[in-house]
Amino acid sequence: MAERNRTRHTGRFTPYLFLAPYLLLFGTFVAAPIVFGVWISLHEWDYMLPNKPWAGLSNYTDLFDPDSLDFDDFWQSMRATGIFTVASVPFLVVIPLGIALLLHRRFPGRNLFRALYFAPYVLGVAVVGLLWRYLLDPDVGAVNFVAGLIGLPDHTAWVNSLPWAWIGLVAMTVWWTLGFNAVIYLAGLQDVPAELHEAASIDGAGVWHRFWHVTLPGLRPVMAFVVTITILASANMFGQSYLVTDGSPGKDTRTAIMYIAQEGLRGFKMGNAAAMGFVLALMLAVVSILNFRLMRYKE
Amino acid sequence: MRLSTFGPLSRRGLLGLVAGGSAAMALSACGGSGETADNSHGGTTYNGPKVDLDFWNGFTGGDGPVMLKLVKRFNSEHDNIKVKMTTYKWETYNEKVPAAVKSGKAPEVGIMHIDELATAAARGVILPLDDVADALHLAKKDFAAPVWDAGVYQKKRYGIPLDMHPLGMYYNKKVLDSAGLDADKPPSNADDYADALHALKKHKIKGMWMTPFPFTGSQTFQSLLWQFNGDILTSDNTRPDFAGDGGVKALTWMVDVVKDGYSPKNIGQDADAVAFQNDKTAFNWNGIWNINTFAGVKGLDWGVAPLPQIGDRKAAWSNSHNFVLLKQLSPDTNKQAASKVFVNWISRKSVEWAKSGQIPARTSVRESKAFAALKEQSILATQIKDLHFAPSLAGIGDVMPYIETAVNEAVLLKKKPSDALSDAAGKAAKVLKENREKYG
Amino acid sequence: MATVSRRRKGASIGWYTILIGLSLVFIAPLVWMFITSLKSRDEALRMPPTILPEHVSGKGYGTIMGGDSQAPVLTWFTNSMIAAVGHTALVLVVASSAAYALARMEFPGRKVLFGLIISTLFVPSFVMLIPNYLIVDSLGWIDSLWALAIPGAAGAFGVFFLRQFFMSLPPALEEAALLDGANHFQIFLRIVLPLSKPALATLAVLSFLTNWNDFVWPVYVMFNPENMTLPPGLASLQGAYIADYPVAMAGAVITAIPVLALFLFTQRYVIEGVSRSGLKG
């Protein structure tokens with residue numbers, strides 16, 4: 001009956017009028033690019049030259065052919081993205097949980113602290129990148145200075161040597177974005193039904209036991225979500241490398257996105273870059289699906 | 001001719017008309033003075049409506065403010081032309097310019113290095129400017145030959161050389177003194193240099209910070225490569241030569257400086273120059289463009305000399321800034337005319353530009369008294385015969401990153417010099433082949 | 001309330017110590033950023049560093065705010081403002097209309113369309129980077145604020161977010177209005193939107209922040225410093241003023257203050273928006 005009410009007094013075209021503005025944008029800047037991107041990836045598309053000869057799947061197969069020009073650079077950039085993701089995700093999944101647990105209680109100033117830990121996230125990568133480039137400067141940066149004060153080596157080359165460049169990049173990313181994950185966890189913690197905790201306490205379970213057997217399982221879906229978005233965010237890393245290490249040492253910290261953007265929008269090898277983008281996207285899709293399956297399976 | 005067509009006739013414009021009339025006589029008198037004379041020959045004045053010009057470059061070092069001052073002076077002397085200068089890091093600049101040209105957002109005037117002209121011309125990014133060269137009465141004899149020739153691609157001229165900027169050896173007199181070395185006689189050959197580094201090490205000073213970055217690690221490598229009789233490409237520009245004997249010797253020397261303890265490992269970008277400024281090192285092989293940066297550091301007691309001869313002959317890396325006109329999607333004849341006036345004007349002020357730490361491209365300016373008064377630049381200008389430029393080949397820019405990576409990996413002790421170079425040469429050979437097919 | 005007995009009330013001194021200690025880790029770099037922006041170029045390069053500037057220098061700010069500066073920060077600021085406000089307004093208008101149609105109207109293909117839109121949420125943005133560059137170029141929008149404000153509004157998040165919200169509104173009011181003879185436009189404008197202020201506010205703030213901080217796209221699409229917004233402008237600072245940290249920090253401060261101020265006043269919305277996304281995801 002409700003459905004009949006809905007369609008009375010509405011023009012046949014009303015839904016389409018409501019949808020039209022959005023669909024125009026969506027069609028032009030989301031749907032078309034995805035299709036166009038596939039089209040580009042099937043050609044030798046050099047933006048500066050008039051001819052764009054058909055290449056079939058060669059842009060894709062080149063990426064798996066060790067003799068092709070792009071092979072080394074592409075997989076090095078993928079490796080860089082992989083290293084950063086593997087290094088950053090654990091910290092970005094565990095530490096925010098700890099902070100959320102700290103904040104998951106009522107006390108004066110709680111919202112203030114929550115805001116403080118979240119605040120760096122609203123600063124864009126440009127601000128954070130410039131700031132940490134300075135802090136991590138091997139010669140005049142505050143990080144090395146403080147390290148020297150507490151007895152650690154005071155001249156670590158954070159910006160252009162491994163593994164320090166990765167450590168620096170991961171540390172700054174954790175500083176920047178852990179508030180975001182913490183807030184998501186907090187919401188999830190508030191969702192864990194109190195009855196479960198009460199039941200556990202009545203059964204004589206201690207804090208740790210309750211955490212492990214009540215809180216964590218209750219958090220499982222939220223955790224799966226956090227892990228997934230963190231992996232995606234880390235795989236998309238661009239600004240930190242661009243602004244702080246500029247890919248150095250050599251091209252070791254040049255992430256996949258940096259390489260793809262450079263090849264496509266500055267080197268103008270758009271066909272190759274588009275293919276790389278799709279390969280990376282497919283790999284991320286596989287990782288996300290695996291992740292969700294794993295988290296669900298444990299239940 | 002109707003005066004109203006040209007708008008308000010300035011005194012300058014009037015001079016132009018008069019001068020144009022007696023052009024024949026004036027031509028012979030004005031050739032190659034390089035002074036700040038107020039000549040207004042045909043093609044060097046602009047009388048059209050007010051235009052704004054965009055001028056992009058990569059002058060991020062001490063040369064930036066000097067160019068900016070010149071630009072401001074130009075603007076104040078020309079009512080109807082306003083030039084706006086924008087500076088990017090060279091890497092970013094090189095990436096942005098072709099993209100900007102393609103989308104019609106390119107500046108009118110830009111600076112390019114001489115080794116980039118061929119590629120840019122091949123890709124249709126820059127416009128031929130034979131007429132500008134004619135208006136300036138420029139001929140080969142006015143310049144160092146490689147610089148002049150390298151600006152031509154497929155028989156058309158694409159760049160007006162502004163300067164040459166080689167690598168020089170800066171030495172810190174205070175630090176040399178403290179190690180008991182003669183601060184007024186820096187080493188000029190391999191043995192003296194090695195002795196100096198050794199003496200410095202005895203005094204716990206790391207005498208030469210070896211940087212792994214293109215600025216100036218790759219440039220140091222290329223200088224040494226030529227000193228050891230190698231070259232970047234074979235003489236027909238078809239195959240890489242840098243991984244041969246000369247290259248291995250050059251890179252090994254650099255790596256040995258690190259291994260023997262004369263340099264820290266893992267130096268940050270520009271950290272070698274910062275160390276030089278902070279009296280932490282004695283020698284800094286750096287570009288002539290750092291003259292003003294070092295001059296501005298209070299308490300720094302320094303000098304500069306031509307690169308020592310480490311190899312079998314003298315050689316030093318050099319590049320050259322050239323003015324170029326960028327292709328516009330919808331060419332504006334007024335802006336083009338104004339751009340040529342701008343290029344003319346700055347080119348005539350090349351002594352002023354030399355003060356920024358450059359060697360003027362024009363022979364007459366180099367031989368002038370005004371230039372001789374610039375002590376450090378003159379010292380480095382004595383290397384003119386030994387300056388080497390990269391091969392002028394379309395797409396040479398695709399080869400250099402492999403060399404830079406090889407130098408980076410070797411200096412950071414990640415790969416043996418011979419391995420780093422041969423890996424790079426393998427990739428370079430592929431790129432050279434691809435480019436030959438692409439550019440013809 | 002059931003939750004009260006589980007959450008421990010209050011916090012001990014030890015607790016506060018940990019929390020405050022953690023806060024310092026987050027705040028200290030920002031304070032350092034501000035202090036550095038007030039130093040002279042040489043003082044910022046000094047080691048050991050001075051905690052407070054020996055001579056407070058306005059040169060950091062002066063260099064980038066001056067008229068003939070190569071880094072016209074105020075122009076960037078204005079551009080950022082225009083792009084972000086334009087983008088946010090556009091998002092609110094198109095996403096709310098589309099979300100309303102998807103939430104409340106029946107029409108053929110509704111499920112398929114919604115599925116299509118939602119599926120793009122899983123497509124990473126870099127896939128669209130290159131094709132969008134070409135599309136934007138053919139529109140003549142390269143190096144203009146149009147390129148920064150418009151394409152981003154096509155994202156699926158706003159539609160998804162508002163549709164969820166609209167569906168959570170009790171339908172009684174709308175149905176009563178329909179019975180009274182109102183059409184969908186009137187219902188949308190006079191009933192649904194006013195009821196949706198919190199969600200709209202959240203979406204507005206999140207959209208503004210996302211656009212203000214957008215980095216990769218503007219870096220590649222904007223060329224002339226006069227047209228840039230703050231993030232690509234800041235990136236170009238590293239070129240125009242090498243190793244001039246007070247200038248870089250001054251630029252960073254000028255970029256950070258508006259978003260921090262916005263966050264200060266709207267944190268409820270931002271944090272709630274973020275929280276919700278986790279619960280639904």
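None of these values were measured; they are calculated from a predicted model.

**Section: the pattern of salt bridges**
Evaluation of the coordinates by the stated rule reveals 21 salt bridges over all chains. Among the ionic pairs, K84(B) bridges to E226(C), the shortest N-O distance being 3.5 Å. Highlighted residues: K84(B) in strand 2 (residues 81–87) and E226(C) in the loop between helix 13 (216–221) and helix 14 (230–240), drawn from two different chains. Relative accessible area serves as the criterion here: at 30%, E226(C) is assigned to the partly exposed category. Taken together, the shared-partner salt bridges in this structure form one network comprising D70(A), E263(A) and K269(A).

**A closer look at the pairing of strand 11 (residues 316–319) of chain B**
All names here are of chain B. Of the two faces of strand 11, both are covered, the one formed by A316 and S318 as well as the one formed by W317 and N319. In terms of strand pairing, strand 8 (residues 163–172) meets strand 11 through two bridges, oriented antiparallel. Among the inter-strand pairings, H165 is bridged to a residue of strand 11, identified as N319. Taken together, the two bridges between strand 11 and strand 14 (residues 387–388) define a ladder with parallel strand orientation. From the neighbouring strand, A316 faces strand 14, where its bridge partner is L387.

**Some points on the interface of chain B and chain A**
Contact with chain B, which involves 24 residues of that partner, is made by 23 residues of chain A. Summing the contributions of chain B and of chain A, the shared interface buries around 2,100 Å²; its carbon and sulfur component is 52%. Three residues, E95(B), K102(B) and R123(B), lead the burial of chain B against chain A; their summed loss comes to 25% of the area buried on that side. One can count three salt bridges joining chain B with chain A. Linking chain B with chain A are one residue pair in polar contact (both at pLDDT 80 or more), by the criterion used here. Going through the elements one at a time, helix 4 (90–102), helix 19 (400–411) and helix 20 (417–439) of chain B are the ones with two or more residues in the side of chain B that touches chain A. Among the elements that make up the side of chain B that touches chain A, the one with the highest residue count is helix 4 of chain B (six residues). Across the side of chain B that touches chain A, the residue classes break down as nine nonpolar, five polar and ten charged.

**Regarding the packing of helix 4 (residues 69–103) of chain A against helix 10 (residues 207–235) of chain A**
All names here are of chain A. Following both chains from N to C, one finds helix 4 and helix 10 inclined at 145°, their axes separated by 10 Å at the closest point. Handedness of the helix 4/helix 10 crossing: right-handed. Contact with helix 4, carried on its side by T81, F84, T85, S88, V89, L92, V93, L97 and L101, involves F211, L216, L219, M223, V226, V227, T230, I231, S234 and A235 of helix 10 and no other residues of that element. Within the contact of helix 4 with helix 10, the residues separate by chemical class into 14 nonpolar, five polar and no charged.

**Brief notes about the packing of aromatic side chains**
Enumeration over the complete set of coordinates arrives at 51 aromatic pairs over all chains. Their ring planes at 85° and their centres at 5.3 Å tell us that F18(A) and F188(C) sit as a pair that is edge-to-face. One end of the pair, F18(A), is in helix 2 (residues 14–41); the other, F188(C), is in helix 11 (residues 184–195), on a second chain. With respect to burial, F18(A) and F188(C) carry one shared label: buried. Clustering of aromatic rings is evident, with ring pairs tying together F18(A), Y100(C), F166(C), F185(C) and F188(C).

**Quick word on unusual backbone geometry**
Residue P163(A) follows L162(A) across a cis peptide bond; omega there is 0°. Mapped onto the secondary structure, P163(A) falls in the loop between helix 7 (142–149) and helix 8 (164–191). With an omega of 5°, the peptide bond running from F215(B) to T216(B) counts as cis. For K155(B), which is not glycine, the phi dihedral falls at a positive 70°. Looking at the secondary structure, you find K155(B) in the loop between strand 5 (152–153) and strand 6 (156–157). Accessibility expressed as a relative area gives 79% for K155(B), which makes it exposed. Phi is positive for N266(B), which is not a glycine, with a value near 60°. When you line up the elements, N266(B) lands in the loop between helix 11 (245–259) and helix 12 (271–277).

Conventions used here
- Residues numbered from 1 in each chain as written.
- Chains lettered and ligands numbered in written order.
- Predicted model: local features only at pLDDT ≥ 70, side-chain atom pairs only at ≥ 80, totals over all residues.
- Heavy atoms only, no water.
- Salt bridge = Lys/Arg side-chain N within 4 Å of Asp/Glu carboxyl O.
- Helix = DSSP H or I, 4+ residues; strand = E, 2+ residues; numbered from the N terminus.
- Buried < 20%, exposed > 50% of the residue type's maximum accessible area, 1.4 Å probe, protein only.
- Pairing = 2+ DSSP bridges.
- Contact = heavy atoms within 4.5 Å.
- Buried area = accessible area lost by both parts, 1.4 Å probe.
- Polar contact = N/O pair within 3.5 Å; in protein donor to acceptor, adjacent residues only side chain to side chain.
- Nonpolar A, V, L, I, M, F, W, Y, C, P; charged D, E, K, R; others polar.
- Axes fitted to C-alpha atoms, helices over the stretch in contact; angles between N-to-C directions.
- Left-handed = near helix turned anticlockwise from the far one by under 90°.
- Phe/Tyr/Trp six-rings, centres within 6.5 Å; stacked < 30°, edge-to-face > 60°.

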